[in-house]
Amino acid sequence: MFLIEREHLLSELTALYTASSTGSGRVALVDGGVASGKTELVNALAERAAADGALVLTAACSLAESAIPLGAVNQLCHGADLRLDVEVGDPDATTLRDDDARLLENVCRLLLDLAAERPLVVVVDDVQFADPLSLQALLYLQRRIRAARVLLVLSGCVSARPAGAAFHAELTRQPHCRHLRLLPLSRDGVGRLLAERFTPEVARRFAEPAHALSGGNPMLVHALADDSIGASDFPAVGDAFVHAALACLHRSDPRLLDVARAVAAAGSRASTDLVAALADVTPAATRQAVTALGEAGLVDGHEFHHPAVRAAVLEDCPPDVLEALRHKAARLLHDDAAPAAEVAAHLVAVGEPVEPWAVPVLVTAAAEAAAEDATAHAVDCLDLALASTDDPRERAAVEAGLVRLHWRSKPSSVLRHLTSLQDAARADLLDARDALMLVRSLAWYGRPDDAAEVLDGLDHLNEHPDPEIAADHLATVDWLHHCHPDGTKPTDRLSLDRAEEVLQRARPGDSILVAVWAALRALIGADQLDRAEDWCQRLHEEADRREVASWRAVLSDVRAEIALRRGDLAVAQRYASQALTTMSATSWGVAIGSPLAHLVLAATMTGQPEEADEALRRPTPAALRRTLFWPRYLRARGVHYDAADRQQAALADFRAAGELAVRWDVDDPSTLPWRVDLARVHVRQGRPERARELLTEHLALPGADSPRAKGMGLRALASACAPKQRQAMLCEAMDLLHAGGDRHELAHAFADLSQTGQALGEFGRAKMMGRRALQLAEGCHAGLLRKKLLPLHDALDERGGGAEDGLAALSDAERRVVNLAARGHTNREIGHKLFITVSTVEQHLTRAYRKLGISRRTDLVPIGPTEEVFA
């Protein structure tokens, strides 16, 4: 490797060699950080000297051989074909015995004799790892070469070892010794090195970031270059860089590795005192080691240049050593009043039960992590806290905290805590909020009797002075009734103002999910679909950002219900499927009845019976049959059976859903139009009288005056009447369903009008209505309806009839006039509504008759809802 920014040092070494070769012995101490290029430098000198005819003897010291007495001296002797037979007493001795001294005197004499024949260069690399006796021998030699042709070159991090300072002082006090120090590469030096591997432009551009990452350590720069070959970004930190950083540490003094591990374990709180305590060294030794780590390009102060290196240092640490470091760091940080999160990070990383002092720290850290949406870490903190305490009240509080966290990400994990928390509730160990959360959780997972038992002891909370706790109690009572209507009394219907208030305060992961669900159902029940969808969108985005799976799943289900009411069948199917994949069946508990019902309805109406069958085959908890979700599930299954022409099974499900709805006082004609479903089956079975009875009941119910509920009822009632009576009902139903926004039901209304026209022999108008029905069915992905319409449409095509072509030929003005005329308005009334003269109305009608191929006003039928008149 070209010696970048080391050329002047090689020149100085060459000058020392030149001086020594003339009989003026010299000593060179080549010092520098780990992997700074010392070995390359002294090897370059050795090559020059050998080329010049000098005898070069080398020794390479290592930590593994540092306990071998006179190991470095033996290497030098082997290089000169000299045999050194020596017995030493204490391998750790720092002074020579008389016999050893005499032997080394003889060795020195032999070396000096060799120097008499030709210049001698003695190179000892990584001298900091030389054994103590070899260090004494080198000092012995350097004092005897003043008048000899000998150059003694010692390279390494001399001051890194405990005895290094004394050796350095003794060596450098001699006037013929020169101390040469290798500094880290400058930014320009890094650029020059990179230019050996990359184009000049790339080298210039990335010299600065590469210098910042490597600290100017040549080995680290080369590693960065290796990682960056073929990478999209440069400089790239990968395996080569990390391995090189670890190699630097393992090539250095063990104390340097210990300090590096302590710095890594201390993290952002690292300081000289903390690192010294962790590494069990003095602050002075710590400062020295940190300086050496900086020269090696690994740290800046007490922070690693790259987090990947810190992670690798920790991963490289033996498990028992790392565990001890983390335990020690946690205790030291706690004693130093460090934030709970920093202390807990060490405790959780170890994962073993902790001392009592640490439990409150873990609980505090969990709360902070939860507030920052680090749910997984918060769970880890509380899991460790639970494993570390036997105090009943403390355990109850920790378990309640775990349940609260599990509701965010994995509600099925709540199950393993319910029994112990119920025992804690019986022992009065839970506070009000935790007890109410337990009630909701027990009810969700099909244990309503246990939930009721806990709730019985909380009746006083409905008048609690804290309005939030009182509201929590009300939401909990409402949810328990939803999950167990036979054993509880219904709460008052949630007003729209109160629903908006709940939604305005809602925050995914923190607020009560079932309360938000109830508020959204209230908006939907009041046909405030746009408002409900707006809230779902807002809350879903926040739930996505905070990664709160339970909220995402429930909000997807609510959006499926909204889409069904709008007749957006493909959207409903997508959201229902999304709800079921976002959260597992176990996590859904008894509430799984809701997304399953929506999926069955959507799949049936889109003409995908196989998917509906698959949804119905999914296992459901037995407790589902005791909840308010069950009638909706039965109704959805009945619709599927009806579509498959399994009329008796459909009748049974519709009746069962209706009986439960009446018994549980949730007989809502918009949310659960079971009478409409039942009446349609009766009509097909030839029982129109029974159908009319059911539909009269439906239309008389509270809430049946909503456009959608009334429109569905009138459409079904029309089917139970004679063709001549149907048209007026269907026209009214069409207007209501258009106002209610249900495109699927509206498509059915047009289809019914088409069939009525066909029954009356009005094939042109039948074709016109059928065409509109088909357009709507395709628009809302109503595959089932489309499948029924296509044969009728083809049959009408065979009969001919110019109504459809005439309809397409109508101008917008003619269309508006025809629509009003078909609804019985006089020409004067039409002119008044459209702000045109009676003469103009007559002209529009004349042209429309001609285009439609009719001759009488009574042949006109509505061609769209009344709203389209003013579109």
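No experiment lies behind these values; they were computed from the predicted model shown.

**Student:** Quick question: what am I supposed to make of the overall build of the protein here?
**Tutor:** Of regular secondary structure, the protein possesses 44 helices and 7 strands. Relative to its length of 871 residues, the protein is extended, with a C-alpha radius of gyration of 44 Å against a globular reference of 29 Å. If you line up the protein on its principal axes, its C-alpha atoms span 135 × 70 × 45 Å. In the protein, which comprises 871 residues, the share counted as buried stands at 53%. Of the roughly 37500 Å² that the protein leaves accessible, carbon and sulfur atoms contribute 51%. Averaged over its 96 positive side-chain charges, the protein has a centre that lies 7 Å from the centre of its 122 negative ones.

**Student:** What is the right way to look at the packing of helix H19 (residues 392–409) against helix H20 (residues 415–426) in this model?
**Tutor:** In helix packing, the relevant descriptors are the interaxial angle and the interaxial distance, both defined with respect to the helix axes. Where H19 contacts H20, the two axes come as close as 10 Å, and the packing angle between them is 140°. It follows from the interaxial angle that H19 and H20 lie oblique. Crossing geometry of H19 relative to H20 is assigned as left-handed. In this structure, H19 uses Ala396, Glu399, Ala400, Leu402, Val403 and His406 to contact H20, whose residues at the interface are Arg416, His417, Ser420, Leu421 and Ala424. Residue composition of the contact of H19 with H20, grouped by class: 6 nonpolar, 3 polar and 2 charged.

**Student:** Could you clarify how one ought to interpret the confidence of the model for the protein in this entry?
**Tutor:** Close inspection of predicted coordinates is inappropriate in any region flagged by low pLDDT. When pLDDT is averaged along the protein, the result is 90; 93% of the residues meet or exceed 70. Of all helices and strands in the protein, the one with the weakest mean pLDDT is helix H41 (residues 803–809) (58), whereas helix H30 (residues 593–605) scores best (98).

**Student:** How should the sheet that holds strand E2 (residues 55–60) be read in this particular structure?
**Tutor:** The strands making up a sheet associate through hydrogen bonds between their backbones, and the pairing can be parallel or antiparallel. Read across the sheet, 5 strands follow the order E2-E3-E4-E1-E5 without closing on themselves; strand pairing throughout is parallel. Of all the strands in the sheet, the pair left with one neighbour each is E2 and strand E5 (177–182). With direction set aside, neighbouring strand axes in the sheet form an average angle of 15°. Here helix H1 (residues 7–20) sits on the sheet and contacts strand E1 (26–32), strand E3 (120–125), strand E4 (150–155) and E5; the angle it forms with E5, its principal contact strand, is near 160°.

**Student:** For this particular structure, what's the right way to read the layout of surface pockets?
**Tutor:** Over the atoms, a rolling probe the size of a water molecule traces out where space has been left empty. Counted as a void, the second largest pocket has a volume near 1200 Å³. Looking at the second largest pocket, it is lined by 46 residues, and the ones nearest its centre are Arg680, Arg684, Arg715, Glu745 and His748. Where the lining of the second largest pocket is concerned, the elements lending two or more residues are helix H27 (549–566), H30, helix H32 (629–643), helix H34 (674–684), helix H36 (707–719), helix H37 (723–740), helix H38 (743–759) and helix H40 (783–799). When residues in the lining of the second largest pocket are grouped by element, the largest group, 8 residues, is from H38. The class makeup of the residues in the lining of the second largest pocket is 22 nonpolar, 9 polar and 15 charged.

**Student:** Got a minute to help me understand unusual backbone geometry in this structure?
**Tutor:** Note on backbone geometry: most residues besides glycine have negative phi, and most peptide bonds are trans. Despite not being glycine, Asp373 shows a phi value in the positive range, around 65°. Structurally, Asp373 is set in the loop between helix H17 (358–371) and helix H18 (375–387). When its relative accessible area of 19% is taken as the criterion, Asp373 is described as buried. The backbone of Asp645 shows a phi angle near 65°, a positive value even though the residue is not glycine.

**Student:** How should I be thinking about the state of the cysteines in this particular structure?
**Tutor:** Every disulfide links exactly two cysteines, by a covalent bond between their sulfur atoms. Across all of its chains, the model carries 0 disulfides by this definition. Here Cys108 is not disulfide-linked; the sulfur of Cys77 is the nearest cysteine sulfur, at 9.1 Å. No disulfide involves Cys248; its nearest neighbouring cysteine sulfur is the one of Cys157, lying 10 Å away.

**Student:** I would appreciate a short explanation of H30 in the present structure.
**Tutor:** Residue pairs spaced three or four apart in an α-helix point in one direction, given the helix's 3.6 residues per turn. For H30, which comprises 13 residues, the first-to-last C-alpha distance of 18 Å matches the rise-based estimate of 18 Å (1.5 Å per residue) to within 8%. Among the 13 residues that make up H30, 13 are buried, leaving the element largely enclosed by the rest of the structure. Positive backbone phi, approximately 80°, marks Gly607, located one or two places after H30.

**Student:** Can you help me understand the packing of aromatic side chains in this one?
**Tutor:** Any pair of aromatic rings gets described here by the distance separating the centres and the angle formed by the planes. Tallied over the full model, the rule gives 10 aromatic pairs. Centroid distance Trp444 to Trp517: 6.3 Å. Interplanar angle 50°. Geometry classified as tilted. In this pair, Trp444 is assigned in helix H21 (residues 432–444) and Trp517 in helix H25 (residues 513–525), connecting sequence segments 73 residues apart. Residue Trp444 shares its accessibility class with Trp517, and that shared class is buried. Put simply, the rings of Trp407, Trp444, Tyr445, Trp479, Trp517, Trp588 and Phe629 touch in pairs and so form one group of aromatic residues. For the cation-ring pair, Arg144 lies above Tyr140, with the distance from its terminal atom to the ring centre recorded as 3.6 Å. A cation over an aromatic ring shows up here: Arg574 above the ring of Tyr575, its NZ or CZ 5.1 Å from the ring centre.

**Student:** Just checking my understanding: could you explain the packing of helix H16 (residues 340–350) against H18 for this structure?
**Tutor:** Contact pair H16 / H18: the axes reach a minimum separation of 10 Å and the direction vectors enclose 70°. One finds that H16 runs roughly perpendicular with respect to H18. Residues Ala344, Ala345, Leu347 and Val348 of H16 touch H18, and the partners they reach there are His377, Asp380, Cys381 and Leu384.

**Student:** I tried to follow the pairing of E2 on my own but got confused; where do I start?
**Tutor:** Side-chain direction in a regular strand flips from residue to residue, so the side chains alternate between the two faces of the sheet. Of the two faces of E2, only one is covered, namely that formed by Leu55, Leu57 and Ala59; the face formed by Val56, Thr58 and Ala60 stays uncovered. With 6 bridges connecting them, E2 and E3 associate as parallel partners. Across the sheet, the residue bridging to Val56 is Val121, located in E3.

**Student:** For this particular structure, what's the right way to read the pattern of salt bridges?
**Tutor:** For side chains bearing opposite charge, pairing can occur when the charged atoms are close. Taken as a whole and assessed by the stated rule, the structure comprises 57 salt bridges. Its salt-bridge partner being Arg559, residue Glu533 comes within 2.8 Å of it at the nearest N-O pair. Here Arg559 lies in helix H27 and Glu533 lies in helix H26 (residues 529–546), a separation of 26 residues in the sequence. Salt-bridge contacts for Glu745 lead to Arg715; the nearest nitrogen and oxygen are separated by 3.0 Å. Of this pair, Glu745 sits in helix H38 while Arg715 sits in helix H36, placing them 30 residues apart in sequence. The class for Glu745 is buried, based on a relative accessible area of 8%. Given a relative accessible area of 7%, Arg715 falls into the buried group. Linked by salt bridges that have partners in common, Asp373, Arg408, Arg507, Asp510, Glu542, Arg545 and Arg546 make up one network.

**Student:** Where do I start with the side chain of Arg440 in this structure?
**Tutor:** By the secondary structure assignment, Arg440 is in helix H21. Although Arg440 lies buried, it forms no salt bridge, and the closest oppositely charged side chain, Asp472, sits 5.3 Å away as judged by the N-O distance. What Arg440 contacts, discounting residues up to four positions off in sequence, is Asp472, Thr476, Trp479, Ile512 and Val514.

**Student:** Can you walk me through helix H10 (residues 239–250) in this structure?
**Tutor:** In a regular helix each residue adds 1.5 Å, so 12 residues correspond to 16 Å; H10 covers 16 Å between its end C-alpha atoms and thus fits that length. The complete set of buried residues in H10 reads Phe241, Val242, Ala244, Ala245, Leu246, Cys248 and Leu249.

**Student:** Explain empty space enclosed by the protein to me, please; I cannot follow it from the model alone.
**Tutor:** Inspection of every chain in the model, using the stated rule, returns 6 cavities of 30 Å³ or more. A volume near 90 Å³ is recorded for the largest cavity. Around the largest cavity, the lining residues are Val73, Leu76, Cys77, Leu104, Val107, Cys108, Leu111, Ala137, Leu138 and Leu141. When residues of the lining of the largest cavity are traced back to their parent elements, those giving at least two are helix H3 (71–79), helix H4 (98–117) and helix H5 (132–142). In terms of residues, the lining of the largest cavity owes the most to one element, H4, which gives 4 residues. Each residue belonging to the lining of the largest cavity can be placed in one class, and the counts come to 10 nonpolar, no polar and no charged.

**Student:** Honestly, the nonpolar core in this entry has me stumped. Any pointers?
**Tutor:** Soluble globular proteins: nonpolar side chains tend toward being buried together. Of all hydrophobic cores here, the largest spans 147 residues; its most connected members are Trp444, Trp479, Trp517 and Trp588. No other element matches the 10 residues that H25 contributes to this core. Counting residues in each nonpolar core, the second largest holds 83 residues, with Leu220, Val221, Phe234 and Leu347 among its members.

What counts and what doesn't
Residues numbered from 1 in each chain as written. Predicted model: local features only at pLDDT ≥ 70, side-chain atom pairs only at ≥ 80, totals over all residues. Heavy atoms only, no water. Helix = DSSP H or I, 4+ residues; strand = E, 2+ residues; numbered from the N terminus. Rg over C-alpha atoms; globule rule 2.2 N^0.38 Å. Buried < 20%, exposed > 50% of the residue type's maximum accessible area, 1.4 Å probe, protein only. Areas by Shrake-Rupley, 256 points an atom, 1.4 Å probe, with all protein chains shown as cover. Lys, Arg positive; Asp, Glu negative; His and termini not counted. Charge placed at Lys NZ, Arg CZ, Asp CG, Glu CD. Axes fitted to C-alpha atoms, helices over the stretch in contact; angles between N-to-C directions. Parallel < 35°, antiparallel > 145°, perpendicular 65-115°, else oblique. Left-handed = near helix turned anticlockwise from the far one by under 90°. Contact = heavy atoms within 4.5 Å. Nonpolar A, V, L, I, M, F, W, Y, C, P; charged D, E, K, R; others polar. pLDDT = per-residue confidence, 0-100. Pairing = 2+ DSSP bridges. 1 Å grid on protein atoms, 1.4 Å probe; cavity = no way out; pocket = protein on both sides within 12 Å on 5 of 7 lines; lining within 4 Å. Points joined across faces, edges and corners; volume = space filled by probe spheres on them. Disulfide = S-S within 2.5 Å. Expected span 1.5 Å × (residues − 1). Phe/Tyr/Trp six-rings, centres within 6.5 Å; stacked < 30°, edge-to-face > 60°. Lys NZ or Arg CZ within 6 Å of the ring centre and 35° of its normal. Salt bridge = Lys/Arg side-chain N within 4 Å of Asp/Glu carboxyl O. Core = buried A, V, L, I, M, F, W, Y, C linked by side-chain atoms within 4.5 Å.

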